[in-house]
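# Descriptive analysis of the structure
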Amino acid sequence: MKKTPLKHVGERFNWYKSAFAGGNIFVKLSPILMGAANIRYGQLVKGIGYLCMEIMFILFVVTNGASNLINLITLGSKQQEMVLNEKTGIFEVIQGDNSMLMLFGGVVTAVVIVFFIIVWLSSIKSGINTYYLHKNNKPVPGFLDDVKSLFDINIQRFLLFLPMVGLIIFTVLPLIYMITMAFTNYDVNHQPPGNLFNWVGLKNFKLLLMSKDALAKTFWPVLGWTIIWAVFATFTNYIGGMLLAILINKKEIKFKKVWRTIFVLTISIPSFIGLLVVRTMLNKSGIINNELINFGFITEPLPFLTSAIWARATVIIVNMWLGIPFTMLITTGILINIPADLYESAKIDGASPFKAFIKITFPYIFFITTPYLISNFISNVNNFNPIFFLTAGGPQSMEYFKGAGKTDLLVTWLYKLTSESKNYSYASAIGIVIFIISAILSLIVYRKSGAYNNEEGFQ
Amino acid sequence: MKNMSGIKTKYLHFVPLFGILPIVLLFLKFIHVEESSEQMTGFQIIVDVIQAIQKNGISLSYLFIIAIMVVLPLIIMLATIVAFFKPGKKILHTTILLYVLKLFGLILSLLTIKHFVDGMGYLQVEFLIKYLSFGFWTTFLVDVVGLIITMKSVKISSGYIVLTVMSVIWLFPIVWIILNSFRAEGGFYIGYFIPKKFTLNNYVKVWTDTSTFQFAKWYRNTLFVAISSCILTSFIVLSTAFTLSRIRFSGRRALMNLMLVLGMFPGFMSMIAVYYVIKGLGLTQSLAALVIVYSAGASLGYYVSKGFFDTIPRSLDEAAFIDGATKWQVFTRITIPLSKSIIIFTVLTSFMGPWADYIFSSIILGDNVDNYTVAIGLFNMLTRDNIEKWYTCFAAGAILIALPISALFLSLQRYYVEGLSGSVKG
């Protein structure tokens, strides 16, 4: 029977509620004195562990946590000042509040609190379970049993511990921090420690999406180019790679492995090396322009990376150089698996090879690779390397927000806003916009893809 | 005409047509300069060259022109006519070879004709390829079609032509960088393809000259980071994938959805915050920080491995449970041994990652030059101040990185493809 997750949680919650109501004094004490029931009914190590956590948490709240939370709301009020020291006659810096550290501390505190609430709930749950085991005269698992269960019934706790710790500290926490930044005015004019920044609500999004500011004048063209880029980068590579795979897989072609290896070479080289090499080759005085002039094809160097239109075409074409072999590798595996009898019956019906391709090969590959195609589209929206290493977003444009260029994608612009101009609030707002775009696309894909809906299909 | 085995008569009819056509085309204009309204037919060029030979004596470039404009077209014509009347595989194969030779010559002529024409003093203006006219390009086209037709007549796929052209384009940057790594004359802005002098000094210099770039040290750093993060990442990815694929526990779906959502944020949006976390942990600008950053978020990429684990039959696990195995034993004794290809895929991709990452390493390592990785080093060799002096060393450094990685990749390619096709199934 299929239950909605929410209903499932609701049912379990109700069970624990009534179990809690039916518990004795130790169970009822557990929410206040964590681990009370555990200690009473023989789970000494576990109970003391819970108790220690509670004490540590209280200490944390008293020493730092509470003030951190208040700071999170105010983001500091005392600005750094220069005050004349009467005795020495020199201006001295009086340290003010550092909004950035306050925001960070606040976010960390919030995460710690959420984490503690989870521990707190689990301690109550554990207390109830232990009490009922004891009441029903069943053996209460000791500490060693708990450890053993980590390798068997509760293996997910053991196996997921390290991944989750890494994820929370290095992905979730930083992300929350950056998301909150999108709602502040932490830009180049509000840099701690010299200045304070503050909460501004949705102002950044308004500025970015629907103002007459340079930001909006940059955002929409950059978004437009990001989408054009993603469409071209995805489909040129997809179609090119598929045709190449089909070509190499043709019966008449010999030395398949040699051909494949030639193209795979570009994947095996770290992509930034390939891109840097190509950049130097396409330079105004690089080998390509140089030779073209030498041989008399042109008289002036071509602006491969310096004119907006040329640069846009160049990044798409160079990206084909990187991406086509990749798609080729993927489609090769699929091609081999197309049932041969499909082709045979097509041949008997008198279909030409071209028709066989249109009616059999293409639909087959397309059907299998649709999820790949769309996830590839999303990764192209975020495709940092080709742009960054080839043009670094350039050529720069006067109409754009300072620093942004004509080949900048949203991600490369985001990178520039953080690493070059320190406009963190705008960068975070752009990051959220990128997230929304990817989320909408992924939602369509994953909801429809077989992997999501019938996960158990293979097993 | 008899229908011979291995020969398609349908195409054979056209073979001589395309053999004869280039000779006729010689009477079209080959060179046309609009500015000075000078014109020259192919025939005129041949006559001029023969006169020049009589006057100046024979030279390599004259011979080359005579070969591709007179000798090869005549031989091809003869060959195609012979092939038409006495069709056989041998003569057709020879024709194909001749065509390839001629096309190669024509392409080569594109690269040499400027020097030739300017040297002859034909034109009042300096020669440009755009002055090549209708006749030349038609000849080129006719030869390509002739080659395809002849190939079709002996059932050789014309795909070879496409593959060859593409291979040249794909290999061009690679060959260029290899040549540069052996180039003895320094500098970046050189106007020729093949180095005048070859040397191994660039390799020695990039490895031992520590005045500006400590490449050897950075190489060891990167190796260390790559190996450590590859071990950590593999453990994290495989255990996440195994748990989410094989174990059913409450909150599993929620966790998967959460990870899906987390994966949709652009990775380096949170880079700055990661930097502060690193700082808070007291690991600023250290290699350990780099290892942690590469592997901490690795669990988000569990899909590929999970897709693979999903295909391992459940009955295997159940049989083991009946025999009293714990879930840990199922993981280590059954799932892992059956997952060779996906393990190699994970190890390979996570090992290759640090070699290619510039953004994270440059932000985390900041100005701690001692801890730099090769990516930062190579990137810095190409800055405006360094490129002139260090370009050939950059090339050597690039080869030093690319060589072991490519070798590793190519030898493990099979597993990579298996892993990837797992990801395609979605």
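All of these numbers come straight from a predicted model, not from anything done at the bench. (Residues numbered from 1 in each chain as written. Chains lettered and ligands numbered in written order. Predicted model: local features only at pLDDT ≥ 70, side-chain atom pairs only at ≥ 80, totals over all residues. Heavy atoms only, no water.)

### Points about the overall build of chain A
What chain A contains, in helices and strands, is 19 helices and 2 strands. Over its C-alpha trace chain A gives a radius of gyration of 30 Å, far above what one expects of a compact globule, namely 23 Å for 459 residues. Principal-axis analysis of the C-alpha atoms gives chain A an extent of 90 × 85 × 35 Å. Sorting the 459 residues of chain A into buried and exposed places 46% on the buried side. Pairs at least 24 apart in sequence give 63% of the contacts found in chain A among residues at least 6 apart. Carbon and sulfur atoms make up 70% of the accessible area of chain A, which totals about 23400 Å². (Helix = DSSP H or I, 4+ residues; strand = E, 2+ residues; numbered from the N terminus. Rg over C-alpha atoms; globule rule 2.2 N^0.38 Å. Buried < 20%, exposed > 50% of the residue type's maximum accessible area, 1.4 Å probe, protein only. Contact = heavy atoms within 4.5 Å. Areas by Shrake-Rupley, 256 points an atom, 1.4 Å probe, with all protein chains shown as cover.)

### Overview of helix α9 (residues 215-246) of chain B
Its 32 residues place the ends of α9 of chain B 45 Å apart at the C-alpha level, agreeing with the 46 Å of an ideal helix rising 1.5 Å per residue. Among the 32 residues in α9 of chain B, 23 count as buried, and that is most of the element. (Expected span 1.5 Å × (residues − 1).)

### Description of the packing of helix α5 (residues 99-135) of chain A against helix α7 (residues 155-181) of chain A
Two quantities define a packed helix pair, namely the angle between the helix axes and the distance between the axes. All names here are of chain A. One can describe the packing of α5 onto α7 by two numbers: an axis separation of 10 Å at closest approach and a directional angle of 125°. In terms of orientation, α5 lies oblique with respect to α7. Here α5 runs over α7; the crossing is right-handed. Touching M100, L103, F104, V107, V108 and V111 of α5 are I168, L173, I176, Y177, T180 and M181, all from α7. Across the contact of α5 with α7, the residue classes break down as 11 nonpolar, 1 polar and no charged. (Axes fitted to C-alpha atoms, helices over the stretch in contact; angles between N-to-C directions. Parallel < 35°, antiparallel > 145°, perpendicular 65-115°, else oblique. Left-handed = near helix turned anticlockwise from the far one by under 90°. Nonpolar A, V, L, I, M, F, W, Y, C, P; charged D, E, K, R; others polar.)

### Examining the side chain of T314 of chain A
Residues and elements named next belong to chain A. Note that T314 resides in helix α13 (residues 308-336). You can call T314 buried: its relative accessible area is 7%. Apart from the residues within four sequence positions on either side, T314 is in contact with L282, F304 and L305.

### Describing the domain arrangement of chain B
One can read the domain layout of chain B as domain 1 (9-156) and domain 2 (207-424). The gap between the C-alpha centroids of domain 1 of chain B and domain 2 of chain B is 54 Å. (Domains from an automatic or database assignment.)

### Some remarks on the interface of chain B and chain A
Facing 108 residues of chain B, the contacting portion of chain A comprises 103 residues. Between chain B and chain A, the buried area comes to about 9300 Å², and carbon and sulfur atoms account for 77% of it. For the pair chain B and chain A, the interface holds 0 salt bridges. Seen at the junction of chain B and chain A, the total is 7 residue pairs in polar contact (both at pLDDT 80 or more). (Buried area = accessible area lost by both parts, 1.4 Å probe. Salt bridge = Lys/Arg side-chain N within 4 Å of Asp/Glu carboxyl O. Polar contact = N/O pair within 3.5 Å; in protein donor to acceptor, adjacent residues only side chain to side chain.)

### A look at empty space enclosed by the protein
In this structure the tally under the stated criterion is 1 cavity of 30 Å³ or more. Looking at the largest cavity, it is lined by 19 residues, and the ones nearest its centre are F30, I68, M69, L106 and F136 of chain B. (1 Å grid on protein atoms, 1.4 Å probe; cavity = no way out; pocket = protein on both sides within 12 Å on 5 of 7 lines; lining within 4 Å. Points joined across faces, edges and corners; volume = space filled by probe spheres on them.)

### Details of unusual backbone geometry
One non-glycine residue, K422 of chain A, lies in positive phi territory at about 60°. Within the secondary structure layout, K422 of chain A lies in the loop between α17 (410-419) and α18 (424-448). Residue K422 of chain A is classed as partly exposed on the basis of its relative accessible area, which comes to 39%. In this model, Q285 of chain B sits at a positive phi of 55°, which is unusual for a non-glycine residue. Following the sequence through the fold, Q285 of chain B ends up in the loop between α11 (271-280) and α12 (287-296). Residue class for Q285 of chain B comes out buried when judged on its relative accessible area of 19%.

### Quick word on helix α13 (residues 303-310) of chain B
α13 of chain B sits mainly inside the fold: 6 of its 8 residues count as buried. Along α13 of chain B, the residues classified as buried are V304, S305, K306, F308, F309 and D310 of chain B.

### Observations concerning a positive patch on the surface
A cluster of like positive charges, contributed by K250 and K254 of chain A together with K8, K10, K89, K152 and K155 of chain B, occupies part of the molecular surface. You can call K250 of chain A partly exposed: its relative accessible area is 36%. (Patch = residues over 30% accessible without salt bridge, like charges linked within 9 Å, V, L, I, M, F, W, Y side chains within 5 Å. Lys, Arg positive; Asp, Glu negative; His and termini not counted. Charge placed at Lys NZ, Arg CZ, Asp CG, Glu CD.)

### Quick notes on the domain arrangement of chain A
All names here are of chain A. For chain A, the assigned domains are domain 1 (5-201) and domain 2 (207-453). Once you take the C-alpha centre of each, domain 1 and domain 2 turn out to be 42 Å apart. Counting from both sides, the interface comprises 11 residues of domain 1 and, opposite them, 9 residues of domain 2. Buried surface at the junction of domain 1 and domain 2, both sides included, amounts to about 750 Å², of which 61% is carbon and sulfur. Among the residues domain 1 hides against domain 2, the three largest losses belong to A182, Y186 and D187. Together they make up 45% of the total. Linking domain 1 with domain 2 are 0 salt bridges, by the criterion used here.

### With respect to the nonpolar core
Y177, W229 and W413 of chain A together with I31, F127, L378 and F394 of chain B are the most contacted members of the largest nonpolar core, which has 236 residues in total. Dropping the residues within four chain positions of it, W229 of chain A is found in contact with T234, V315, I316, N319, N380, N383, P386, I387 and L409 of chain A. Ranked by size, the runner-up nonpolar core spans 8 residues in total, among them A19, V27, A37 and I124 of chain A. (Core = buried A, V, L, I, M, F, W, Y, C linked by side-chain atoms within 4.5 Å.)

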